[in-house]
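As a plain string of letters, each chain reads:
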Amino acid sequence: MIRMSDVSVRFGDVQALKGVSIAVGRGEFVALVGPNGSGKTTLLRAMHGMLRLSGRRELAPEAAKQAMVFQRPFVMRLSVRNNLRLALWLGGVPRAQWNERIAAALARVSLQGLEERPARALSGGQQQRLAIARAWAIRPALLFLDEPTASLDPAAKKDVEALLAGFAADGMTLVMSTHNLGQAKRLASRVVYLEDGAIHADLPTAQFFGGGAGGRAQQFLKGEMA
Amino acid sequence: MSAFAESVRTAVDLIVHADAVLFHTVALSLHVSGTACLVAAGFGLAFGAWLSVARFPGHRVLVWGLNTLLALPSVVVGLIVYLLLSRSGPLGSWGILFTPTAMVIAQTILVLPVIAALTRQLVGDSLRDGGDQLRSMGARPMACALLMLVHDRWAVLTILIAAFGRAVAEVGAVMIVGGNIDGVTRVMTTSIALETSKGDLPLAMALGIVLLAVVGVVNLFLGLAQRGHGSALAGVR
């Protein structure tokens, strides 16, 4: 679906990514884990095409339809419906499909009946679900998620996790950064460990958490699990 | 009776007795300053939004220059417009000096930097908050900036209120390019200046009170619109 080869990203004097190579196949759910400042968000943004990088970024044709959900959702001071209309307009979805897509997206994230409510009046969890609906409404083949539950309470976190599990079950390709190792274990099919802008482990989830991580990743796991 | 009390009584008399000259002067003030703000908003909002996303050599110098123009003296604007529109000036053939049109041009130039500079700051701050997410959805930089004007429309309204306040309260530019001609280019501020120079301080003060009252009523309506929006939000929390 997407292949990054020898990708480096620099912000001024800071080398945020150092020659990272990673490929994500169709239908995979990849969790990016690692300490703060390890380069998880930078890698996500680089994969999403939001950063200038050195190296190669190759996409499968269907991966051109991609979206990203951020840790702190930004919703416009518009109604829920108009936030979705905006996403559909920017996503190039034909106007004739908007109503059907909006209804389906709101049903998917359980926000039916709130179409006319100001988006900024929603709770934090609801705003994140709206952001997910906004991303899902354009039917992305590839969805990036940057710590999507980091600022949510446990109940909202559970709702979002259930949504993401549903997307994965539908065959969507997902790449998510997270600090929550339990979440990575519950949701991901593969875990990538980053530190200092480089990948130190890239393993199937069971192997990663089953003692196969080794080296720095294993040390991180021990620290996190303690 | 103190001068101030006499001023208040005169102001009330002028309003209650629907003084025709006063109403014409107030209407011209609102027309000139309102039109200037609308024209300046058309250019200033777009220019400010563009400046918030544009990156080019000299960008910082342009922003510095724009911010400096916030302190542009109205008499200097009046003088520049006068020189442009006077018979020997490059735009003298238009024949609009000492007309309300010339006053609109002068006030437009006066408030344009206010609208553009404040818009640049407003949109820039909002883009730091949500610009990446709009770009992620496929919006190009200028589209992101324009969407932020929609997002921050109540703050934009506040900018326009500030610009209107600057326009309607200035006297230097309209005096120079309008000439303070009775019934033609006389507005509230030039009337106040005239009455002050004639020594009729209570009347000058009364006109000032009327000016403040008129602007207060305009702001009241705009404020009610903003508050209505806020209540709508609060009601669904």
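Structure report, in brief. (Residues numbered from 1 in each chain as written. Chains lettered and ligands numbered in written order. Predicted model: local features only at pLDDT ≥ 70, side-chain atom pairs only at ≥ 80, totals over all residues.)

1. Side note on the overall build of chain B
Selection criterion: Secondary structure follows DSSP: runs of H or I at least 4 residues long count as helices, runs of E at least 2 residues long count as strands, and numbering of each begins at the N terminus. Partly exposed residues are those whose C-beta has more than 12 but fewer than 20 other C-beta atoms within 10 Å; 20 or more makes a residue buried and 12 or fewer makes it exposed, with C-beta atoms placed from the backbone.
Secondary structure summary: chain B contains 10 helices and 0 strands in total. Reading chain B from its N terminus to its C terminus gives the helix and strand order α-α-α-α-α-α-α-α-α-α. Taking the principal axes of its C-alpha atoms as reference, chain B extends roughly 65 × 55 × 25 Å. Looking at chain B residue by residue over its 237 residues, the buried ones come to 37%.

2. A few points about unusual backbone geometry
For aspartate 196 of chain A, which is not glycine, the phi dihedral falls at a positive 50°. With respect to the helices and strands, the residue aspartate 196 of chain A is situated in the loop between strand 8 (190–195) and strand 9 (198–204). One non-glycine residue, asparagine 180 of chain B, lies in positive phi territory at about 55°. Considering the arrangement of structural elements, one finds asparagine 180 of chain B in the loop between helix 8 (172–178) and helix 9 (188–198).

3. With respect to the packing of helix 4 (residues 124–137) of chain A against helix 5 (residues 154–169) of chain A
All names here are of chain A. The following threshold applies: In this analysis an axis means a line fitted to C-alpha atoms, helices contributing only their contacting stretch, and an angle means the value between N-to-C directions, from 0 to 180 degrees. Geometric relationships in this document are graded by angle, where less than 35 degrees denotes roughly parallel, more than 145 denotes roughly antiparallel, 65 to 115 denotes roughly perpendicular, and other angles denote oblique. The sense of a crossing depends on the near helix, which, turned anticlockwise from the far helix by less than a right angle, makes the crossing left-handed and, turned clockwise, makes it right-handed. Here, residue contact means that the backbone-derived C-beta atoms of the two residues sit within 7 Å. In this count, Pro and Cys sit with the nonpolar residues alongside Ala, Val, Leu, Ile, Met, Phe, Trp and Tyr, while Asp, Glu, Lys and Arg are called charged and the others, Gly among them, polar.
The contact between helix 4 and helix 5 brings their axes to 9 Å, and the two run at 15°. Put simply, helix 4 runs roughly parallel to helix 5. Between helix 4 and helix 5 lies a crossing whose hand is right-handed. Touching Gly124, Gly125, Gln128, Arg129 and Ile132 of helix 4 are Ala156, Asp159, Val160 and Leu163, all from helix 5. Considering only residue class, the contact of helix 4 with helix 5 consists of 4 nonpolar, 3 polar and 2 charged.

4. Examining the nonpolar core
One recurring pattern in soluble globular proteins is that nonpolar side chains are buried together. Basically, it comes down to this: The nonpolar core criterion groups buried Ala, Val, Leu, Ile, Met, Phe, Trp, Tyr and Cys residues into a set whenever they are joined through C-beta atoms within 7 Å.
Residues Ala106, Ile115 and Val177 of chain B are the most contacted members of the largest nonpolar core, which totals 129 residues. Other than its neighbours up to four places away in sequence, alanine 106 of chain B contacts Val77, Gly78, Val81, Ala173, Val174 and Val177 of chain B.

5. Some remarks on the sheet that holds strand 5 (residues 66–69) of chain A
All names here are of chain A. Counted only if it meets this: Here, a strand pair is defined by DSSP locating no fewer than two bridges between the strands.
The mixed open sheet is built from 6 strands, whose spatial order is 5-6-7-3-8-9. Of all strands in the sheet, those with a lone pairing partner are strand 5 and strand 9, marking the two edges. In this sheet, adjacent strand axes meet at a mean angle of 15° when their direction is disregarded. With 4 bridges connecting them, strand 3 (residues 29–33) and strand 7 (residues 173–177) associate as parallel partners.

6. Details of the sheet that holds strand 4 (residues 54–59) of chain A
All names here are of chain A. Within the open sheet, the 3 strands sit side by side as 2-1-4. Their pairing is antiparallel. Edge positions in the open sheet fall to strand 2 (14–24) and strand 4, since each of these has one partner strand only. Averaged over all pairs of adjacent strands, the angle between strand axes in this sheet comes to 20°, irrespective of strand direction. Where strand 1 (residues 2–11) lies against strand 2, 7 bridges are found, and the strand directions are antiparallel. Opposite arginine 10, over in strand 2, you have glutamine 15 as the bridge partner. Relative to strand 1, helix 1 (residues 40–47) is tilted by about 120°, and along the sheet it contacts strand 1 and strand 2.

7. Observations regarding the interface of chain A and chain B
In this assembly, 14 residues from chain A lie in contact with 14 residues from chain B. Residue composition of the side of chain A that touches chain B, grouped by class: 9 nonpolar, 2 polar and 3 charged.

8. Things to note about the environment of alanine 102 of chain B
Residue and element names in this part refer to chain B. Following the sequence through the fold, alanine 102 ends up in helix 5 (residues 100–136). Looking at alanine 102, the number of C-beta atoms within 10 Å reads 27, which means it is buried. Through-space distance from the C-alpha of alanine 102 to that of valine 156 is 26 Å; in sequence the pair is 54 residues apart. Contacts of alanine 102, omitting those with residues within four sequence positions, involve Val81, Leu85, Ile96, Leu97, Val177 and Gly178.

9. Some thoughts on the packing of helix 3 (residues 59–68) of chain B against helix 5 of chain B
Two measures define how a pair of helices packs: the angle their axes make with one another and the distance between the axes. All names here are of chain B. Contact geometry of helix 3 with helix 5 gives a least axis separation of 9 Å together with a crossing angle of 130°. Comparing the axis directions of helix 3 and helix 5 gives the class oblique. Judged by the sense of rotation from one axis to the other, the crossing of helix 3 with helix 5 is left-handed. Residues Val63, Leu66 and Asn67 of helix 3 lie in contact with helix 5, whose contacting residues are Pro113, Ala116, Ala117 and Arg120.

10. Some words on helix 6 (residues 141–151) of chain B
Residue and element names in this part refer to chain B. Note the threshold: As used here, the arc is the angular range of directions from the helix axis to the C-beta atoms.
Looking at helix 6, one finds that the buried residues are Cys144, Ala145, Leu147, Met148 and His151. With its buried residues spanning 165° around the axis, helix 6 presents them on a single face. Those residues of helix 6 that are buried are in contact with helix 2 (20–53) and helix 5.

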